[in-house]
Amino acid sequence: MKSHKRMTPSAFLLPASFLVASCLALSCFASGQVAYPEQEVRIHDLPSLTARSTHRLDALVTSLEIIFNNKEICCGKNSALEDSVQSSDPKSLKDIASKLQGRHLLSDGRPITVTAEYLAPDQVNAGHLITMMQDQHPALMMWNSHLYVVRGVTYVETLDNSEPSIAYAVHKFLLQDVRFSDARRTVSFDRLTEDLSKVQGLLFLQSTGP
């Protein structure tokens, strides 16, 4: 995943094998490129919730409760999203997005609006992903048919003095698996070593109102 401030399009599946030399604390390139040390951005104060079972729907409900962090909105009895979540296909981020997108009502009748941004693997831009993490917006990630909460990423920033431009390449996705409360809960997806074809996409969800 690589992104340029000059808005040069780049996507999730681009390789990040450009770190080939070092110059003190930086990686330096004959072409005038400089790669800064790997950085990390995390979501702060995520609720520590564990699904009541390892079933897909229970994992989805708990993951969404972490994302929204508001019991009136999601996802228990009489919450605004209760019915929409229960009717969603927990194996499909695209279906989850379509079911949650739009206007919903709280139990007292006040409306809220949910914005769902589903991104297929080839649509994920590193710059956008890093910005969303910096703005404290967690995401859902479907990897190997399992759902995870994205709680942060590590990335490398590269300055190209010949352009000039700045590019970003995401290396790791820092994940939570809500099915577990032990050491299995903390997971990472390393883009440099894992099979990218097993990632089914990302989903950002935000609510506004009432």
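Predicted model only: the values in this text are computed from it and were never measured.

A.B. asks: If you had to explain helix α3 (residues 93-100) to someone new, which residues and values would you point to?
C.D. replies: In an α-helix, one full turn covers 3.6 residues, which means residues spaced three or four apart are oriented alike. Those residues of α3 that fall on the buried side of the exposure criterion are L93, I96, A97 and L100. End-on view of α3: buried residues confined to an arc of 100°, all on one side of the axis. After α3 finishes, the residue G102 shows a positive phi value of roughly 110°.

A.B. asks: Which residues make up the pairing of strand β5 (residues 102-105), and what values do they have?
C.D. replies: Each regular strand displays side chains that alternate between the two surfaces of the sheet. In terms of strand pairing, β5 meets strand β6 (residues 111-119) through 4 bridges, oriented antiparallel. Bridge pairing in β6 places H104 opposite I112. Between β5 and β6, which pair antiparallel and follow one another directly, the connecting turn spans 5 residues, one of which, G109, has a positive phi of 95°.

A.B. asks: How would you summarise the packing of aromatic side chains if you had to cite specific residues and measurements?
C.D. replies: Summed over all chains, the structure comprises 4 aromatic pairs. With 5.6 Å between their ring centres and 40° between their planes, W143 and Y148 make a pair best called tilted. A relative accessible area of 12% places W143 in the buried class. A ring pair is formed by W143 and F189, whose centres lie 4.9 Å apart and whose planes are at 80°; its orientation type is edge-to-face. On the criterion of sequence distance, the pair formed by W143 in strand β7 (residues 139-143) and F189 in strand β10 (residues 186-190) is long-range, its members being 46 residues apart. Of the residues examined, F189 reaches a relative accessible area of 0% and is grouped as buried. Put simply, the rings of W143, Y148, F173 and F189 pair up and form one aromatic cluster.

The rules we used
- Residues numbered from 1 in each chain as written.
- Predicted model: local features only at pLDDT ≥ 70, side-chain atom pairs only at ≥ 80, totals over all residues.
- Heavy atoms only, no water.
- Buried < 20%, exposed > 50% of the residue type's maximum accessible area, 1.4 Å probe, protein only.
- Helix = DSSP H or I, 4+ residues; strand = E, 2+ residues; numbered from the N terminus.
- Arc of directions from axis to C-beta.
- Pairing = 2+ DSSP bridges.
- Phe/Tyr/Trp six-rings, centres within 6.5 Å; stacked < 30°, edge-to-face > 60°.

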